[in-house]
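Breakdown of the fold
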Amino acid sequence: MSVDVRRVGPEAAAEVLAVVRDAFGARPPLDPPADAMAEDLASVGRMLRRRGGLLATVDGEPVGCVVLDPGPDGMVLRRFGVAPAAQGKGVATALVDAAVDASLGHSAVRVLAREELPDTVAFWEALGFVETGRRSPYVELARWLGTSFDAPEAETMRGLGERLGRTLVAGDLVVLTGELGAGKTTFTQGLGDGLQVRGGVTSPTFVISRVHPSLVGGPDLVHVDAYRLGGLDELDDLDLDTPLESSVTVVEWGAGLAEGLADSRLEVLIERTVGETASADDLDPRRVSLRWVVGQ
Ligand SMILES: Nc1ncnc2c1ncn2[C@@H]1O[C@H](COP(=O)(O)OP(=O)(O)O)[C@@H](O)[C@H]1O
Ligand SMILES: [Mg+2]
């Protein structure tokens with residue numbers, strides 16, 4: 001038996017709906033009934049269109065799911081459920097771990113639990129969630145996530161970019177800020193690895209942007225270097241081969257320029273860490289601060 005968790009989009013609406021019905025149908029009846037019980041194929045598809053979700057399978061059978069719903073205060077987990085027959089196999093924990101991974105750059109993962117179900121509230125608390133409020137019949141819980149990371153070496157910077165790349169979906173905008181040589185391009189190289197696009201991410205010195213096609217049928221990476229760009233108008237005029245909605249766009253030097261391209265964006269600030277003593281082992285460390293700005 002092995003638990004597998006994968007990222008899914010609206011194409012998996014039927015599987016997610018089946019798990020939701022199985023998981024929520026097994027709970028004691030609630031008044032008012034759980035919103036999840038009113039879900040149909042179209043409504044689940046709509047929820048998944050935004051940022052997708054996670055589907056857990058055991059030996060290929062779908063047994064658990066969660067829908068990811070980013071908001072201004074963090075990533076909200078919705079429709080979290082595990083089929084009754086698959087409980088006690090670590091499916092729920094695997095789903096929460098994967099949801100935390102997918103929320104990199106958000107300050108918190110949030111969830112609503114029904115106050116009539118104290119076992120459910122206790123489940124979230126055991127996984128590091130704390131109660132942040134009550135709005136009957138809901139208990140609001142959050143688990144705080146760090147958004148600052150140390151990158152002692154270029155390889156760590158690349159690795160962080162790679163982790164982030166695995167969380168991104170079509171339409172995402174990433175805005176990189178940091179002085180010349182800070183590591184913006186190095187970070188973008190990792191991002192390209194995580195997204196699984198054709199490699200060779202370099203500073204687009206003689207062109208302003210470059211498209212790296214996906215190798216796995218996912219979104220392409222559009223890498224823009226706005227260093228010599230005059231303003232947003234020029235950015236708008238860029239003759240990008242790939243529409244922004246179907247790709248992931250990364251803009252170096254984009255702060256104050258690129259925000260207009262999308263309602264939501266991931267802001268990445270890279271700073272040189274000033275050590276108290278000169279580093280003995282030639283390390284040139286950086287600090288990376290992430291911030292998801294999510295429009296309504
Ligand atoms: N901790 C570190 N993080 C990122 N890059 C580092 C680090 N230490 C050394 N470097 C080096 O610094 C340079 C950063 O260059 P680059 O990524 O092109 O910066 P930018 O695109 O911000 O101008 C690379 O040569 C990289 O190998
Ligand atoms: Mg660069």
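Before going into details, it helps to say that this report is about the structure given with it. (Residues numbered from 1 in each chain as written. Chains lettered and ligands numbered in written order. Predicted model: local features only at pLDDT ≥ 70, side-chain atom pairs only at ≥ 80, totals over all residues. Heavy atoms only, no water.)

1. Quick look at the side chain of glutamate 140
For clarity, the cut-off: The helix count covers DSSP runs of H or I at least four residues long, the strand count covers runs of E at least two residues long, and both are numbered beginning at the N terminus. Polar contacts, as used here, are pairs of N or O atoms within 3.5 Å; protein pairs need one atom able to donate a hydrogen and one able to accept it. Residues neighboring in sequence count only if both atoms are side-chain atoms. In what follows, a contact means two residues having at least one pair of non-hydrogen atoms within 4.5 Å.
Relative to the helices and strands, glutamate 140 is located in strand β7 (residues 138-144). At a separation of 3.1 Å, a polar atom in the side chain of glutamate 140 contacts the side chain of arginine 135. When near neighbours in sequence (up to four residues on either side) are disregarded, glutamate 140 contacts Val111, Leu112, Val130, Glu131, Thr132, Gly133 and Arg135.

2. A short note on the site of ligand 1
Here is the rule: Proximity is defined per residue: if any heavy atom of the residue lies within 4 Å of a molecule or strand, that residue is considered near it. Under the convention used here, a 1.4 Å probe and the Shrake-Rupley method define accessible areas, while residue burial counts only the protein chains that appear. Under the scheme applied here, ten amino acids are nonpolar (Ala, Val, Leu, Ile, Met, Phe, Trp, Tyr, Cys and Pro), four are charged (Asp, Glu, Lys and Arg), and all others, including Gly, are polar.
Surrounding ligand 1, one finds 16 residues, the nearest of these being Ala151, Gly181, Lys184, Thr185 and Thr186. Within the contact set of ligand 1, an oxygen atom lies 2.6 Å away from a side-chain nitrogen or oxygen of threonine 186. In the model, an oxygen atom of ligand 1 is placed 3.2 Å from a nitrogen or oxygen of the glutamate 252 side chain. Relative to its unbound accessible area of 570 Å², ligand 1 is 72% covered by the protein chains. Sorting the residues of the shell around ligand 1 by element identifies α5 (154-165) and α6 (184-195) as the ones contributing at least two each. If one sorts the elements of the shell around ligand 1 by residue count, α6 sits on top with 3 residues. Grouping the constituent residues of the shell around ligand 1 by class yields 6 nonpolar, 4 polar and 6 charged.

3. Re the coordination of the magnesium ion (ligand 2)
Rule in force here: Metal sites are built from N, O and S donor atoms within 2.8 Å, or 3.2 Å for Na, K and Ca, and they leave out water, so they may look incomplete. To sort residues, take the accessible area from a 1.4 Å probe on protein chains only and compare it with the maximum for the residue type: under 20% means buried, over 50% means exposed, and anything in between is partly exposed.
Protein coordination at the magnesium ion (ligand 2): the donors are Thr185 (OG1) and Glu252 (OE), at 2.1 to 2.3 Å from the metal. Note that threonine 185 is positioned in helix α6 and glutamate 252 in strand β12 (residues 247-252), a separation of 67 residues in sequence. The two residues threonine 185 and glutamate 252 agree in class, both being buried.

4. Here's the deal with helix α2 (residues 41-51)
Within the sequence span of α2, burial applies to Ser43, Val44, Gly45, Met47, Leu48 and Arg51. Residues of α2 that are buried sit in contact with β1 (3-8), α1 (13-25), β2 (53-58), β3 (61-71), β4 (74-82) and β14 (286-293). In this structure aspartate 40 caps α2, since a side-chain oxygen of it lies 3.1 Å from the backbone nitrogen of alanine 42. Of the residues one or two after α2, glycine 52 is the one with positive phi, at around 75°.

5. Considering the packing of aromatic side chains
Heads up, the rule is: Note on aromatic pairs: the rings of Phe, Tyr and Trp (six-membered ring only in Trp) are paired at centre separations within 6.5 Å, and the planes decide the class, stacked below 30 degrees, edge-to-face beyond 60, tilted for the rest. Whether a charge lies above a ring is judged from NZ of Lys or CZ of Arg, which has to be within 6 Å of the ring centre and within 35 degrees of the ring normal.
Evaluation of the coordinates by the stated rule reveals 4 aromatic pairs. Here the aromatic rings of phenylalanine 80 and phenylalanine 123 are separated by 5.9 Å at their centres, their planes lie at 40°, and the arrangement is tilted. Placement of phenylalanine 80 in strand β4 and of phenylalanine 123 in helix α4 (residues 118-126) is noted, with a sequence separation of 43 residues between them. Take phenylalanine 80: its relative accessible area is 10%, and that puts it in the buried class. Relative accessible area serves as the criterion here: at 26%, phenylalanine 123 is assigned to the partly exposed category. Ring centres of phenylalanine 123 and tryptophan 124 lie 5.0 Å apart, and the angle between their planes is 70°; this geometry places the pair in the edge-to-face category. An aromatic cluster is defined as three or more aromatic residues linked by ring pairs; in this entry it consists of Phe80, Phe123, Trp124 and Phe129. Arginine 27 extends its terminal NZ or CZ atom over the ring of phenylalanine 24, reaching a point 4.3 Å from the ring centre. A cation over a ring is seen here: arginine 114 above tyrosine 138, with NZ or CZ 5.8 Å from the ring centre.

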